[in-house]
Amino acid sequence: MGESRDTLVSLNGIDLGHGERVVLPGLHLGLRRGERVALLGPSGAGKSTLLGALRRQLGDSAAWCPQQHGLVPQLAVHHNIYMGRLAEHSALANLWNLVRPLAGPWREVAELCDALGLDGLMRRPVAQLSGGQRQRVAIARALYQQRALFLGDEPVASVDPHQALRLLALIDQRHATSVIALHQRELALSHFDRVWGLRDGRLVIDAPARELGLADLDDLYPDADGQTGAATSRGRP
Ligand SMILES: Nc1ncnc2c1ncn2[C@@H]1O[C@H](COP(=O)(O)OP(=O)(O)OP(=O)(O)O)[C@@H](O)[C@H]1O
């Protein structure tokens, strides 16, 4: 794999997994600065495992939007978004903000809520939101982190296609580089620069989105009868 100054992460034949369990053996891939990558593959293929490895490598330069949202249901939308930058403030400021929201962060969170269609909900506990609203709070919290890169584990899974596009555009406006796991194949082809496709423990697609068609992506997913498609490696030597 050609490495350059623009390579942010380079995995060269490493095994990724959990404890003793290897999920993605001998993985080779590179993430380049300024590239938007769609990460596809059937359930259990290792998308979250790969995103976890990227997070470890990228550290504080990456904003993170987890699959289970990681929100605190009892707390208001404002507090959940504010948590994105908890580590930047003193314990006292965080405690104070819980009781009486600080003016600066309140304004910043309000701007994000406006952009994400959450205006009017800032004081509402997350427990009282719809699935799509919760998803947008999770994205807002990741945007509030103000990092150079965005890593998202199915951040647009519970919104309609129109909203998914709007949310991805907001993510793009604030991050030049992103890796986003998703299941919407059309979106992967229309919105992203590159596609990584995982199947059977291997990266079987690593190619520019413009060189792929829906049939290539279909091959990632098992047929209804449980057979996997006939995908050959695309974009891999
Ligand atoms: N903490 C863990 N300990 C052990 N095995 C795990 C752990 N997390 C995931 N796995 C296993 O690793 C494999 C890949 O899981 P992973 O969550 O990365 O897949 P995924 O592609 O993100 O799936 P989904 O689309 O369902 O979220 C699965 O077989 C899963 O059972």
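Residues numbered from 1 in each chain as written. Predicted model: local features only at pLDDT ≥ 70, side-chain atom pairs only at ≥ 80, totals over all residues.

Peer 1: So, the site of the ligand: which residues are in play, and what are the values?
Peer 2: The full set of residues close to the ligand is His18, Arg21, Val23, Gly41, Ser43, Gly44, Ala45, Gly46, Lys47, Ser48, Thr49 and Gln67. Counting only elements with at least two residues in the shell around the ligand, the list comes to strand 2 (21-32) and helix 1 (47-58). The leading source of residues in the shell around the ligand is helix 1, at three residues. Of the residues belonging to the shell around the ligand, the class tally is two nonpolar, eight polar and two charged. (Near = placed C-beta within 6 Å. Helix = DSSP H or I, 4+ residues; strand = E, 2+ residues; numbered from the N terminus. Nonpolar A, V, L, I, M, F, W, Y, C, P; charged D, E, K, R; others polar.)

Peer 1: Can you lay out the environment of Leu8 for me, pointing to particular residues and giving the numbers?
Peer 2: Relative to the helices and strands, Leu8 resides in strand 1 (residues 7-18). Overall, the presence of 20 C-beta atoms within 10 Å leaves Leu8 in the buried class. Along the primary structure Leu8 and Gln57 are separated by 49 residues, whereas in three dimensions their C-alpha atoms are 9.0 Å apart. In this view, Leu8 contacts Leu31, Arg32, Arg33, Leu58 and Thr177; residues no more than four positions away in its chain are not counted. (Buried ≥ 20, exposed ≤ 12 C-beta atoms within 10 Å, placed from the backbone. Contact = placed C-beta atoms within 7 Å.)

Peer 1: Outline the pairing of strand 2, supporting the account with residue identities and numerical values.
Peer 2: Sheet analysis places strand 1 next to strand 2, joined by nine bridges and oriented antiparallel. The partner of Ile14 across the bridge, within strand 2, is Leu27. The antiparallel hairpin formed by strand 1 and strand 2 contains two residues in its connecting segment, where Gly19 sits at a positive phi of about 60°. (Pairing = 2+ DSSP bridges.)

Peer 1: Describe unusual backbone geometry, naming the residues involved and giving the relevant values.
Peer 2: Of note in the backbone geometry, Gln146 takes a positive phi value of approximately 55° without being a glycine. Relative to the helices and strands, Gln146 resides in the loop between helix 5 (131-144) and strand 5 (149-153). Positioned with a positive phi, Asp200 is a non-glycine residue whose angle comes to about 50°.

Peer 1: So what's going on with the environment of Gln74? Residues and values would help.
Peer 2: Inspection of the secondary structure assignment puts Gln74 in the loop between strand 4 (62-65) and helix 2 (77-82). Assessed through the 10 C-beta atoms surrounding it within 10 Å, Gln74 is described here as exposed. A sequence separation of 50 residues divides Gln74 from Arg124, and the C-alpha atoms of the two residues are 9.2 Å apart. Dropping the residues within four chain positions of it, Gln74 is found in contact with Pro125 and Ala127.

Peer 1: Help me get a handle on helix 6 (residues 161-174), residues and values and all.
Peer 2: The first and last C-alpha atoms of helix 6 sit 20 Å apart over 14 residues, in line with the 20 Å expected at 1.5 Å per residue. Those residues of helix 6 that fall on the buried side of the exposure criterion are Leu167, Leu168 and Ile171. Angularly, the buried residues of helix 6 cover 100° about the axis, an arc narrow enough to put them on a single face. For helix 6, the exposed residues set more than 90 degrees away from the buried face come down to His162, Ala169 and Gln173. (Expected span 1.5 Å × (residues − 1). Arc of directions from axis to C-beta.)

Peer 1: Tell me what's going on with the nonpolar core, and back it up with residues and numbers.
Peer 2: Within the largest apolar cluster, 58 residues are counted, with the highest numbers of intra-cluster contacts made by Ala38, Leu39, Ala63, Ala140 and Leu151. The leading source of residues in this core is helix 5, at seven residues. When residues no more than four places from it in sequence are discounted, the contact partners of Leu39 are Lys47, Leu50, Val179, Ile180, Ala181 and Trp196. (Core = buried A, V, L, I, M, F, W, Y, C linked by C-beta atoms within 7 Å.)

Peer 1: Any chance you could break down the confidence of the model for the protein chain for me, citing the residues and the numbers?
Peer 2: With 86% of its residues at a pLDDT of 70 or more, the protein chain has an overall mean of 87. When pLDDT is averaged over each element of the protein chain, strand 3 (residues 36-40) comes out on top at 98 and helix 3 (residues 91-99) at the bottom at 65. Across the predicted assembly, pTM comes out at 0.87 and ipTM at 0.96. (pLDDT = per-residue confidence, 0-100.)

Peer 1: Explain the sheet that holds strand 7 (residues 194-199) residue by residue, including any values.
Peer 2: Judged by pairing direction, the sheet is mixed, and its six strands sit side by side in the order 4-5-6-3-7-8 without closing on themselves. The outermost strands of the open sheet, each flanked by one partner alone, are strand 4 and strand 8 (202-208). Between one strand and the next, the sheet's axes are offset by a mean angle of 15°, whatever the strand orientation. Examined bridge by bridge, strand 4 and strand 5 share four bridges and lie parallel to one another. Looking across to strand 5, one finds that Trp64 is bridged to Leu151. Relative to the sheet, helix 5 contacts strand 4 and strand 5, its axis offset from that of strand 4 by approximately 170°. (Axes fitted to C-alpha atoms, helices over the stretch in contact; angles between N-to-C directions.)

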